[in-house]
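Observations on the model geometry
Chain by chain, the residues:
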Amino acid sequence: MNILLMMIPLSLAFLAGAVWLFFWAVNNGQFDDLDTPALLPLDDAPRRDETPP
Amino acid sequence: MCCQGCRAAAEWIEQLGLSDYYELRTAPAPRPDTGDTTHDSWQDADSARHVIRDLGADLRETLLLIEGVRCTACVWLIERSLGAAPGVVSVQVNAVARRARVVWQESKITLPQLLQALSRTGYRALPLDAGGLDDLRRGESRDALKRLVVAGFGAMQAMMYATAIYLGAAESLDDSTRNLLRWLGLLVATPVVLYSARPFFTGALRLLKAGRVGMDVPVALAIAAVYAASLIEAVRGVGEVYFDSVSMFVFFLLTGRYLEMRARHHARDLTDALARLTPPFAERALEDGTFTRVGIHQLRVGDRVRVAEGGIVPADGVLLTERCRVDEALLSGESAAVMKRRDDSLIAGSVLEDGPVLMRVERVGADTALAGIAALVGRAHAERPRLQVVGEIAAGRFVARVLILTAITAAGWAIFDPARALPAAIAVLVISCPCAFALAVPAALTRALGAMARRGVLVVKPDGIQALAECTHVLFDKTGTLTEASLSRTDLRTFDGVSHDGALRLAMALARQSRHPVARAIAAAYPDTDAAAVSDVATHAGAGVSATIEGRTLRLGRSDFALAGKQLAREFEDAVLLADDRGPIAAFRITERLRPEACAAIEALQARGMTVLIASGDANSKVAAIAARLNVGTWRARLLPAEKLAWVAELRAAGARVLAVGDGINDAPVLAGADVAIALAEGSELTQASSDMVLKGGRLDAIVYARNIAQRTLAVVRQNQRWALYYNFSAVPLAALGFIPPWLAALGMSLSSFVVILNALRIGRGDATPRDAQPEHSRVEPFPRPTA
């Protein structure tokens, strides 16, 4: 059972890492628009600059 | 507030100025706007004018975006708290859109005071403004995603440790390991309860403050009770822990909320796009002739504004420059260039084709025609989907009963065996599954929206799904919907020795000004590099186009319109004529081709017992021919838009539920008047935003598919709700009697939610393998992105 003492902290570390990574991704806008990026390669025309807010 | 008495008491407290007590009491909930500063900025006439609509006679209207609206109880609370404020005339709240439409008397109350009253009940409100809406939505969506994923990870881990405990109970697990697993469960479940589940707690607090039980109260209570009981057991080191159940519980509820949020944002896209069509900045002319860049809300009536070529008109106004050409497709659906002269009016949101021009601002912000349209569409969207409302009421009623049952269980066991009171009460809370109720509608709706989008049907209003499933009659527009127009040169006859090319050149120049399918067919028959210059363009709905070319006034369209009363041989009665004031120049015979899927689509609709009708503005003979080809018995020809609408009204009065399908050119009123409307994507943006669904790519057979999906959706929602009811009916009494061990309670709760989700996933399967998947259909962008 001693292996548990290593595996459990390892799983918790993985968990924390995964959550941190995901938060980072969300905060950097990776999930804001899930539809458009898939279509961008199909768009031949150069992207227009967005209107500044 | 439960009754008039409570309300009077609360109002009294408020009048005494003690309402700050409530502000302070909600300290656990994060309150970004406890100060009055945010509201006071609306006192400034500049900002306020942008969001307030003047209804005349002292009445003002505004659309508020309210954060934290969850269920019908919140709606009730907001309606009451705002409605009680002096001077408020009406309050309409939509939980799904999270918008409140408030009408008040300016002399009695101001916008900042209204916002103040609202924030006192715990809701944060923003007067609607396109930019703010975007940020808010992005924040909400990111927040929800994070909470969901934390709950998901937490639930997985908690489940892992719990499984070890459950399996260990059968094997021999020593006490120290078991304790370790309990503490680990606590470790992973704590962020789930404290972070992921926080929306439930804040929502519940808000409801409790109002003395009301909504969906959030029992949910929050159950989460808190299960977590607290498990915590106690973990510390004591005996008994059962439910960390896995509580995490799963939070995860499933958040899933339902997340799906609902996605569907809500999806439906909002169309109206938001409307509101965003005005640019955020404008170039205002100064006294000395230079220009300065100002925010659009700083524009005032009387300002002179410069608009660059290709720019968007920022406000309604009149043209000060000699002439320009403007694209008003947004409003009329007629693409390309309307000629404007000095003193003609310009409409906010239309695109300038040549420029720059100078204009004088006449109406700004919420007074513009564009804002009026957006408000109209927004009002249509502010009606909650009926499915959702019914689902929420069922869930709310259910959780309230579960709470009562939990109390009875605890009390009962306290009499017979106090030691088992807590475990049994917790088991009831855990196994009863409002998640299944909460997930039933959003899961099914989301799945239906996705399935339809894959086949090119974009759902604008989720209510349309129910109406589509129940409709009995389908009313098709003919030209542009059932048929595509085409013109070949042999179909052309000219008069008075005009050459074919000369006639075509003139006709093309006129036809380019219209989006009507016939006009497009004519325009396509001549190379547009050699276009004649046109001026004074006017399009006449249902009749044709007129314009001045090389000094001649020309008309292109129906024979009676083009000839302006003059007679011509009968053989030209149904031709498209080009004429000037002296008489006809050319006659076009437009041949119409049925859309390839029209026959099959109509046959399929009829096979499903629907009555198919054709309403057309075209000549009798043509409509009759098409109707015969399609095997449609009932049709009417030579109808004006108003007559089509009257027909729809007549059908509805006779008890029919009418689905109207049109391209949105000349038939916008019909689409608006039907029970459910499907607009073809070629039509105007306005029509698309005001219809229930938009058909991309003109594939009529997708209508049949969409109807199948809609019916399937309704069936699945009913199955899901019935399942949730049966499951709870059978499980809860057993738990109350103490027969359910913790692992079974956790399993039952998650399984019942899984069944609901899996059942919803059946929507759009089977018959749903897209024959030719067209990925661009899944993209929701019916509006061209304006360039500024």
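Residues numbered from 1 in each chain as written. Chains lettered and ligands numbered in written order. Predicted model: local features only at pLDDT ≥ 70, side-chain atom pairs only at ≥ 80, totals over all residues.

**Comments concerning the overall build of chain B**
Rules: Per the convention used, a helix needs a DSSP run of H or I reaching at least four residues, while a strand needs a run of E reaching at least two, with both numbered from the N terminus. Think of it as a crowd count around each C-beta: if 20 or more other C-beta atoms lie within 10 Å the residue is buried, if 12 or fewer it is exposed, and in between it is partly exposed, with C-beta placed from the backbone throughout. Contacts are defined on C-beta atoms placed from the backbone: any two residues whose C-beta positions lie within 7 Å are in contact.
Helix and strand counts for chain B come out as 27 helices and 29 strands. For chain B, buried positions account for 49% of its 788 residues. Partitioning the contacts of chain B with sequence separation of at least 6, the portion at a separation of at least 24 is 69%.

**Let's talk about helix α9 (residues 198-209) of chain B**
All names here are of chain B. Basically, it comes down to this: One less than the residue count of a helix, multiplied by 1.5 Å, gives the span that helix is expected to have.
Relative to the 16 Å expected for 12 residues at 1.5 Å per residue, α9 spans 17 Å between its end C-alpha atoms, a close match to the ideal helical length. Those residues of α9 that fall on the buried side of the exposure criterion are P199, F200, T202, G203, A204, R206 and L207. Looking one or two residues beyond α9, the residue adopting positive phi is G211, at roughly 70°.

**Some words on the nonpolar core**
Residue and element names in this part refer to chain B. Quick reminder of the rule: Each nonpolar core reported here comprises buried Ala, Val, Leu, Ile, Met, Phe, Trp, Tyr and Cys residues connected via C-beta atoms within 7 Å. Each domain's extent was defined by an automatic or database domain assignment.
Counting 159 residues, the largest nonpolar core has I223 and V250 as its most contacted members. At 15 residues, helix α26 (residues 701-736) tops the list of elements feeding residues into this core. Taken domain by domain, this core gets at least three of its residues from each of domain 1 (4-128) and domain 3 (457-479 + 594-711). If sequence neighbours within four positions are ignored, I223 has contacts with V193, A197, F200, V246, F249 and V250. If you look at the next biggest cluster of nonpolar residues, it comprises 30 residues, including L506, L510, A511 and I590.

**Comments concerning the sheet that holds strand β28 (residues 676-680) of chain B**
Residues and elements named next belong to chain B. Condition: Should DSSP find at least two bridges between two strands, the strands are taken to pair. Helix axes are fitted to C-alpha atoms over the stretch in contact, other axes to C-alpha atoms as well, and angles between N-to-C directions run from 0 to 180 degrees.
The mixed open sheet is built from seven strands, whose spatial order is β15-β29-β28-β27-β16-β25-β26. Of all the strands in the sheet, just β15 (457-459) and β26 (634-636) have a single pairing partner and so form its edges. Along the sheet, successive strands turn relative to each other by an average axial angle of 20°, direction set aside. Bridge count for strand β27 (residues 658-662) against β28 is four bridges, and the pairing is parallel. Within the sheet, the bridge partner assigned to V661 lies in β28 and is I678. Together, β15, β27, β28 and β29 (693-695) form the strand contacts of helix α17 (residues 463-470), whose direction differs from that of β28 by roughly 105°.

**As for the environment of L761 of chain B**
Residue and element names in this part refer to chain B. Along the polypeptide, L761 turns up in helix α27 (residues 742-761). A count of 14 C-beta atoms within 10 Å places L761 in the partly exposed class. For L761 and T446, which are 315 residues apart along the polypeptide, the C-alpha to C-alpha distance reads 9.6 Å.

**Notes on the pairing of strand β22 (residues 576-580) of chain B**
Put simply, side chains in a regular strand alternate between the two faces of the sheet. All names here are of chain B. Most of β22 sits out of view: four of its five residues are buried. Where strand β21 (residues 552-558) and β22 come together, five bridges link them in antiparallel fashion. Looking at β22, one finds that G557 is bridged to L577. Looking at chain direction, β22 and strand β23 (residues 583-588) are connected through five bridges and run antiparallel. Pairing of A579 across the sheet is with P584, part of β23. Hairpin geometry of β22 and β23 is characterised by an intervening segment of two residues between the two adjacent antiparallel strands.

**Brief notes about the confidence of the model for chain B**
Residues and elements named next belong to chain B. What counts here: Residue-level confidence of the predictor is summarised by pLDDT, bounded by 0 at the bottom and 100 at the top.
Per-residue pLDDT for chain B has a mean of 74; in total, 71% of the residues score no lower than 70. Least confident of the elements in chain B is helix α2 (residues 20-25), whose mean pLDDT is 45; most confident is strand β25 (residues 611-615), at 89. Note that residues 21-38 has pLDDT below 50 and, in this model, 15 contacts with residues that lie over four places away or in other chains. Note on residues 768-788: pLDDT is under 50 here. Beyond four places in sequence and across chains, it has 36 contacts.

**Some details on unusual backbone geometry**
All names here are of chain B. Residue D343 is not a glycine yet carries a positive backbone phi of 75°. As for its position among the elements, D343 is in the loop between β11 (338-341) and β12 (345-346). A positive phi is found at N631, a non-glycine position, where the angle reads about 65°. With respect to the element layout, N631 can be found in the loop between α22 (620-630) and β26.

**A look at α22 of chain B**
All names here are of chain B. Note the threshold: Of all possible arcs, the one meant is that of the directions from the helix axis to the C-beta atoms.
Along α22, the residues classified as buried are V623, I626, A627 and L630. Along the long axis of α22, the arc covered by the buried residues comes to 100°, so they all point the same way. Residues S621, A625 and A628 are exposed on α22 and point more than 90 degrees away from its buried face. Once α22 ends, the next one or two residues include N631, with phi positive near 65°.

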